[in-house]
Amino acid sequence: MRRITLGQDGFWTVGALADDLAALGLGAGDAVMVHASLRRVGPVLGGADGVIAALQQVVGAQGSILAYVSWLENFEDALDAAGRLDPALKPFIPPFDAAASRANPDHGWFAEALRTTPGAQRSGNPGASVAALGAGAEGLVADHPMDWGYGPGSPFARLVAAGGQVLMLGAPWDTMSLLHHAEHLADIPGKHVRRLEVPLHTPAGVIWQAMIEYDTADPVVDGLADDYFADIVGEFLAAGHGRRGRVGDADCVLVPAAAMTDFAVDWLERRFRT
């Protein structure tokens, strides 16, 4: 049964979503980073938990589900050009706590739902923070570098090394966070660098740590559209890579993380490398 009716409303079941995910190409043992628009998936019995259950059913006990969660910082606009905050403001800024800080709501409710699912693990880099659930979750998110958080040693790099995939579950293509990893790897001049200090919750109290990162709030170099990630994904699919299909009511894309990263790095370097 694809949908069941309760009263006047039709709902997707966990089993129906699992069938759609399997038909799209997700399989047992996969590590998959998910960007989801639950509204586009449609009404699901269990809501976000039902979607997570469907993913777990398909990847099985040996698979992993990841989501880019970042955090809700709310103070970065107050940083000066060197990335520092007025000391008088620091006592009022809640610190980042990997165990408790909410996911950035810009990433949708799915990210927070996965982060708070029992057994989920979360990486310790605030802005590049990733949550993972399932086999190998701790290894995927452990020891996340505080500097250059989308580069080597990050959960994004580990997803690539694990032969993982990225699922755009109705989410806009320009939200594919794996492409920040490609931005880091691309050998191109003029990449925008961002410096900032961030409050961290520690057993000894709050500490403010200086960090450095390629800018992920805007395109990494001048001359790119704000939503250029969507162009890369579209060209990747047009070249015959990845798979498209429907999960529930949502148009979805499933791509291999390694091939997607290589394609994006080449896409950037062909345009900007000197």
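Residues numbered from 1 in each chain as written. Predicted model: local features only at pLDDT ≥ 70, side-chain atom pairs only at ≥ 80, totals over all residues. Heavy atoms only, no water.

Enquirer: Got a minute to help me understand the side chain of serine 37 in this structure?
Expert: You can see serine 37 is positioned in the loop between β3 (31-36) and α2 (38-41). Here serine 37 falls in the buried class, since its relative accessible area comes to 15%. In this view, serine 37 contacts Leu169, Gly170 and Ala171; residues no more than four positions away in its chain are not counted. (Helix = DSSP H or I, 4+ residues; strand = E, 2+ residues; numbered from the N terminus. Buried < 20%, exposed > 50% of the residue type's maximum accessible area, 1.4 Å probe, protein only. Contact = heavy atoms within 4.5 Å.)

Enquirer: It is not clear to me how the packing of aromatic side chains should be interpreted in this structure. Could you clarify?
Expert: To describe a pair of aromatic rings, one takes the distance between the centres and the angle between the planes. Here the structure, examined in full by the defined rule, presents 10 aromatic pairs. Ring centres of phenylalanine 75 and tryptophan 208 lie 5.9 Å apart, and the angle between their planes is 80 degrees; on these two criteria the pair is classed as edge-to-face. A residue pair is termed long-range when its members are at least 10 positions apart, and phenylalanine 75 in the loop between β4 (64-68) and α4 (109-115) and tryptophan 208 in strand β9 (residues 205-214) qualify at 133 residues. For tryptophan 208, a relative accessible area of 23% gives the class partly exposed. Relative to tryptophan 267, the ring of tyrosine 228 lies with its centre 5.8 Å away and its plane at 25 degrees, an arrangement referred to as stacked. Linking tyrosine 228 in helix α8 (residues 228-238) with tryptophan 267 in helix α9 (residues 257-272), this pair joins segments that are 39 residues apart in sequence. (Phe/Tyr/Trp six-rings, centres within 6.5 Å; stacked < 30°, edge-to-face > 60°.)

Enquirer: Please explain the packing of helix α1 (residues 14-24) against helix α3 (residues 47-59) as it appears in this structure.
Expert: What describes two packed helices is the angle between their axes and the distance between those same axes. Here α1 crosses α3 at 50 degrees, and the two axes come no closer than 8 Å. Our classification of the angle between α1 and α3 gives oblique. The element α1 and its partner α3 pack so that their crossing is right-handed. Note on element contacts: α3 touches α1 through Gly50, Val51, Ala53, Ala54, Leu55, Gln57 and Val58, opposite Val14, Gly15, Leu17, Ala18, Leu21 and Ala22. When its residues are assigned to classes, the contact of α1 with α3 shows 10 nonpolar, three polar and no charged. (Axes fitted to C-alpha atoms, helices over the stretch in contact; angles between N-to-C directions. Parallel < 35°, antiparallel > 145°, perpendicular 65-115°, else oblique. Left-handed = near helix turned anticlockwise from the far one by under 90°. Nonpolar A, V, L, I, M, F, W, Y, C, P; charged D, E, K, R; others polar.)

Enquirer: What should I look at first to understand the sheet that holds strand β6 (residues 130-134) in this one?
Expert: The strands making up a sheet associate through backbone hydrogen bonding, with each pair oriented either parallel or antiparallel. Here we have seven strands laid out as an open sheet, ordered β5-β6-β4-β3-β7-β11-β10, and mixed in their pairing. The outermost strands of the open sheet, each flanked by one partner alone, are β5 (121-122) and β10 (243-247). Bridge analysis of β3 against β4 gives three bridges, and the strand direction is parallel. In the sheet register, methionine 33 faces β4, and the bridge partner there is leucine 66. Where α1 meets the sheet, its contacts fall on β7 (165-169), β10 and β11 (250-256), and the angle it forms with β10 comes to roughly 170 degrees. (Pairing = 2+ DSSP bridges.)

Enquirer: What should I look at first to understand the pairing of strand β8 (residues 193-202) in this one?
Expert: Strand residues, when the strand is regular, have side chains that alternate between the two faces of the sheet. Note: β8 against β9, 10 bridges, orientation antiparallel. Bridge assignment links arginine 195 to a residue of β9, and that residue is isoleucine 212.

Enquirer: Would you take a moment to explain the side chain of asparagine 125 for this structure?
Expert: Looking at where asparagine 125 falls in the secondary structure, it is placed in the loop between β5 and β6. Judged by relative accessible area, which is 2%, asparagine 125 ranks as buried. Looking at asparagine 125, its side chain comes within polar contact range of the main-chain oxygen of proline 145, at 2.8 Å. (Polar contact = N/O pair within 3.5 Å; in protein donor to acceptor, adjacent residues only side chain to side chain.)

Geometry only, nothing functional implied.
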